[in-house]
Every structure is written in structure tokens, then in C-alpha cells.
Amino acid sequence: MILDGKQLAQQLKEAMREQVAALAKQYGRKPCLNVIIVGENPASMAYVQNKIKATEYCGFDGELIQLPESTSQEELLRIIRECNANPTVDGILVQLPLPKHIDEQAVIETIDPDKDVDGFHPSNVAKLWLNQPTIVPCTPMGIMALLEHSHTPLEGRHAVVVGRSNIVGKPIAKLLLDKNCTVTIAHSRTADLGAVCREADILVVAVGRPRIITGEMVKPGATVIDVGINRTDNGKLVGDVDFESVAPVAGAITPVPGGVGPMTITMLMHNTIQCFQKRINK
Ligand code: GUN
């Protein structure tokens, strides 16, 4: 079975578009997301364009703030504080990675936690791990939506997460734990990665290495979630999973493109609406 993220994302975006129209009628303004990008990393530019397209589709207000690679940290923080202070802005997203001269954590911590649509601010991360209501990072939430939509059983099953990033690996492990999975987090130093992956009923791969998971590393029938988006030397987009050898073994698998990527963007829309509603009701 192919887990079609593109189709589910479209379905959810259509529903949100209607929700946004109703909210705008009720409150006299639309949810507003500001997206900030520093520099011209081609992959980041493409992601940001897709995010802006989705905000337009859903009927949000918002601004794309494009800053040159040479922007100082101080200037970036000043712009974020301006967005924090602007009452018409509900969500702020700073596209990562940032140029090397900018401290990513300082940037994340400057964003008002109530406008942190990524859920990366330490106070939102803490709330996630303490089971308190908060903004959940977009990619992990998109993965959970795909698993739920496909009725993948989770309770008591072994989930292996390959990758331990703050953006995907750590938060998806927490969400799977909340669904009563037994969770293993594997990474670049894991001894015998293949043996660990073969134990997985649910295998989530988010390491950013093209096709490192191959068919013989997957348990027959497993659900395989590929978070990777890598461009090969000849310009082809491939995941962290070798689709060709894994698809015949897996019970279900996300394609790249068209799997997790579109779901991430849809969850960004969801989080922006959530921030809007929280701010309206404050
Ligand atoms: N870069 C890669 N993924 C993400 C994400 O989910 N949010 C932000 N802000 N940057 C990213």
C-alpha cells in the first residue's frame, strides 16, 4: 500500500480553506503567517515557496520575508521581535537551516511561543514532553495523521525511528510513545542498523541520507515512513529509503515526493489556525 500524503494533504487543506473562510467571517480577519528565509539555499527556497502557495490556497494573510545571506543575527532577531509585537501576525516561521553566522537556537528562542507554528521553542518542546497542550512540530504531526488515516495499528507495536533531530526524530518518537508504541531511536552510531530496523513494525526514517534503508533492512509487512528529501547528482528527488527494494517488502510505504512532504505543509496550516484561535480567545 502506498501512503498517499499528497492526496490526504489536499483533502485536509480543502477542509481548512472552508474553516478559514468561516473564521474570517466570524472574527473579521484571517489567520496570518509570516515566513522568513535567510539566503538562497535552493532546497529551502523551494520548501518556502510551497508553504506560501499553501497559505494562499487556504486563504491566509501573510508575508514572505526574504533576507540576504549576509543578514546579521541582530537584524534577524529585530525582525522577529517586530513580528512578535505585530498583533495581526499569528504565526512566525523561520526556515532552517540558517547561515552559519546565525545561532539557530537564539532565533528559535526569540519567536513568541504563542506564534511558534513550528513548535520548536523550548517552552513548546517542554510542553510536548510533559503532555501539556501545545503546538506540535509539523512533520511529526503529518506522519501521525498518515498513520491514523491508514488505520495503522500502533498500540504495543515496535516503532523504530532512525534519526534524532529536534525537528523530526525526537518529537515523532514522543508521539509514537503516546500511542503506546514501544519506541527505539536509532542513529548514525547505531551498531548493526539493519538488525535494529528489521525489528520495526513501524519504521520512520529521517536522516537525510539518500536510500540508506534497503529492502533487506525491513521486516516483511512493516509500515515504512520516509521523511528524507534528497537530490541525487542527476537531479532526481529520492528519500532516505530505497523505494525500489523496500516497497516489495513493506506492507505500506510513503513515496518521495508525495508522502510526508505535503503533510508537513498541511500541518503548518493547521498550526497557524491553532495559533490564530488561541490568540483570538486570549
Ligand atoms: N527545515 C526543514 N524542515 C523544517 C521545518 O519543519 N520548519 C522550519 N522552520 N525549517 C525547516
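Quantities reported herein were computed from a predicted structural model and do not represent experimental measurements. (Residues numbered from 1 in each chain as written. Predicted model: local features only at pLDDT ≥ 70, side-chain atom pairs only at ≥ 80, totals over all residues. Heavy atoms only, no water.)

1. What to know about the nonpolar core
Ranked by size, the top nonpolar core spans 50 residues in total, and within it Ile143, Leu176 and Val204 carry the most contacts. Of all the elements in the fold, those that place two or more residues in this core are helix H1 (5-27), strand S1 (32-38), helix H2 (42-58), helix H6 (138-149), strand S4 (158-162), helix H7 (169-178), strand S6 (202-205) and helix H10 (260-280). Membership of the second largest hydrophobic core comes to 20 residues, among which are Cys32, Val38, Leu77 and Ile108. (Core = buried A, V, L, I, M, F, W, Y, C linked by side-chain atoms within 4.5 Å. Buried < 20%, exposed > 50% of the residue type's maximum accessible area, 1.4 Å probe, protein only. Helix = DSSP H or I, 4+ residues; strand = E, 2+ residues; numbered from the N terminus.)

2. A look at the sheet that holds strand S3 (residues 91-94)
A sheet is described by the order of its strands in space; here three strands give the open sequence S2-S1-S3, paired in parallel fashion. Where the open sheet ends on each side, the last strands, each with one partner, are strand S2 (61-67) and S3. The sheet shows a mean angle of 15 degrees between the axes of neighbouring strands, taken without regard to direction. In the sheet, S1 pairs with S2 via seven bridges, with the strands oriented parallel. Considered in S2, the bridge of Asn34 is made with Glu63. In this fold helix H3 (residues 73-85) packs onto S1, S2 and S3, with an angle of close to 180 degrees to the strand it touches most, S1. (Pairing = 2+ DSSP bridges. Axes fitted to C-alpha atoms, helices over the stretch in contact; angles between N-to-C directions. Contact = heavy atoms within 4.5 Å.)

3. Thoughts on the site of the ligand
The local shell around the ligand consists of Leu93, Val94, Gln95, Leu96, Asp118 and Phe120. Between the ligand and the protein, one listed contact pairs a nitrogen atom with a backbone N or O atom of Leu96 at 2.9 Å. When the ligand is considered free in solution it has 280 Å² of accessible area, and contact with the protein chains removes 83% of it. Residues of the shell around the ligand, tallied by class, amount to four nonpolar, one polar and one charged. (Near = heavy atom within 4 Å. Polar contact = N/O pair within 3.5 Å; in protein donor to acceptor, adjacent residues only side chain to side chain. Areas by Shrake-Rupley, 256 points an atom, 1.4 Å probe, with all protein chains shown as cover. Nonpolar A, V, L, I, M, F, W, Y, C, P; charged D, E, K, R; others polar.)

4. With respect to unusual backbone geometry
Following Leu96, the chain continues into Pro97 via a peptide bond in cis, with omega recorded as 0 degrees. With respect to the helices, strands and loops of the structure, Pro97 is situated in the loop between S3 and helix H4 (104-110). The residue after Val256, namely Pro257, is reached through a cis peptide bond having omega -5 degrees. Along the polypeptide, Pro257 turns up in the loop between strand S10 (252-253) and H10. Of note in the backbone geometry, Asp192 takes a positive phi value of approximately 50 degrees without being a glycine. Within the secondary structure, Asp192 sits in the loop between strand S5 (182-186) and helix H8 (193-197). Despite not being glycine, Arg211 has its phi angle at roughly 55 degrees, a positive value. The residue Arg211 is located in the loop between S6 and strand S7 (223-226) in this model. Since its relative accessible area comes to 37%, Arg211 is described here as partly exposed.

5. Considering the pairing of S5
In this structure, S4 lies alongside S5, joined through five bridges in parallel fashion. For Val160, the partnering residue across the bridge sits in S5 and is Thr184. A crossover links S4 with its parallel partner S5, the connecting element being H7, and its sense is right-handed. (Right-handed = clockwise from strand over helix to strand, strands pointing away.)

6. Looking at the side chain of Thr139
Along the chain, the position of Thr139 falls in helix H6. Contact partners of Thr139, with chain neighbours within four places excluded, come to Val168, Val227, Val260 and Thr264.

7. So, H2
Here H2 contains 17 residues, and its C-alpha end-to-end distance of 25 Å stays within 8% of the 24 Å for a straight helix at 1.5 Å per residue. Residues of H2 that are buried include every one of Ser44, Val48, Lys51, Ile52, Ala54, Thr55 and Cys58, and no others. The arc that holds every buried residue of H2, seen down its axis, measures 160 degrees, which confines them to one face. With respect to the buried face of H2, the exposed residues turned more than 90 degrees away are Pro42, Lys53 and Glu56. The residue sitting at the N-terminus of H2 and contributing the capping side-chain oxygen is Asn41; that oxygen lies 2.9 Å from the backbone nitrogen of Ala43. (Expected span 1.5 Å × (residues − 1). Arc of directions from axis to C-beta.)

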